[in-house]
Amino acid sequence: MTWREISTLEEWNAVVNKSSERGQVILKHSTTCPVSANALREYEEYLKDSPNNNVDFTLVKVIESRPVSNQIAEDLNVKHESPQIIYVKDKAKYWSATHWSVTKAHITAVLD
């Protein structure tokens, strides 16, 4: 399974709306940050194994897609951080983690 990158507010709105039907996991990733590079590796390691098939996985590049990143923070009432992983269910934040807490083990514990 792989993640899908979103870069527009329309795509973000579709993700939020779909969270009423299926869980949505979003990784907010900075392409210039080594901690974020590690979080992306952990995210991809989780997806290579046996990820939860009832969840969709999304990536937002926070620098390149700043309006989307800001809207996520506003819509979900979460402080913007990067890297940041957010699990969205029923149009609300269910769980989130940031920085070195974004690990395959942590993702597995929450989603599986």
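The structure this text deals with has already been given above.
Residues numbered from 1 in each chain as written. Predicted model: local features only at pLDDT ≥ 70, side-chain atom pairs only at ≥ 80, totals over all residues. Heavy atoms only, no water.

Enquirer: Where do I start with the overall build of the chain in this structure?
Expert: Helices and strands together make up the secondary structure of the chain, namely four helices and five strands. In the chain, the succession of helices and strands from N to C terminus is β-α-β-α-β-α-β-β-α. Over its C-alpha trace the chain gives a radius of gyration of 12 Å, about what one expects of a compact globule, namely 13 Å for 112 residues. Seen through its C-alpha atoms, the chain measures out along the principal axes to roughly 35 × 30 × 20 Å. Residue pairs in contact within the chain that sit at least 24 positions apart in sequence constitute 66% of those at least 6 positions apart. On the chain, roughly 5,700 Å² of surface is accessible, and the fraction owed to carbon and sulfur atoms is 47%. When the 13 basic and 15 acidic side-chain charges of the chain are each reduced to a single mean position, those positions are 2 Å apart. (Helix = DSSP H or I, 4+ residues; strand = E, 2+ residues; numbered from the N terminus. Rg over C-alpha atoms; globule rule 2.2 N^0.38 Å. Contact = heavy atoms within 4.5 Å. Areas by Shrake-Rupley, 256 points an atom, 1.4 Å probe, with all protein chains shown as cover. Lys, Arg positive; Asp, Glu negative; His and termini not counted. Charge placed at Lys NZ, Arg CZ, Asp CG, Glu CD.)

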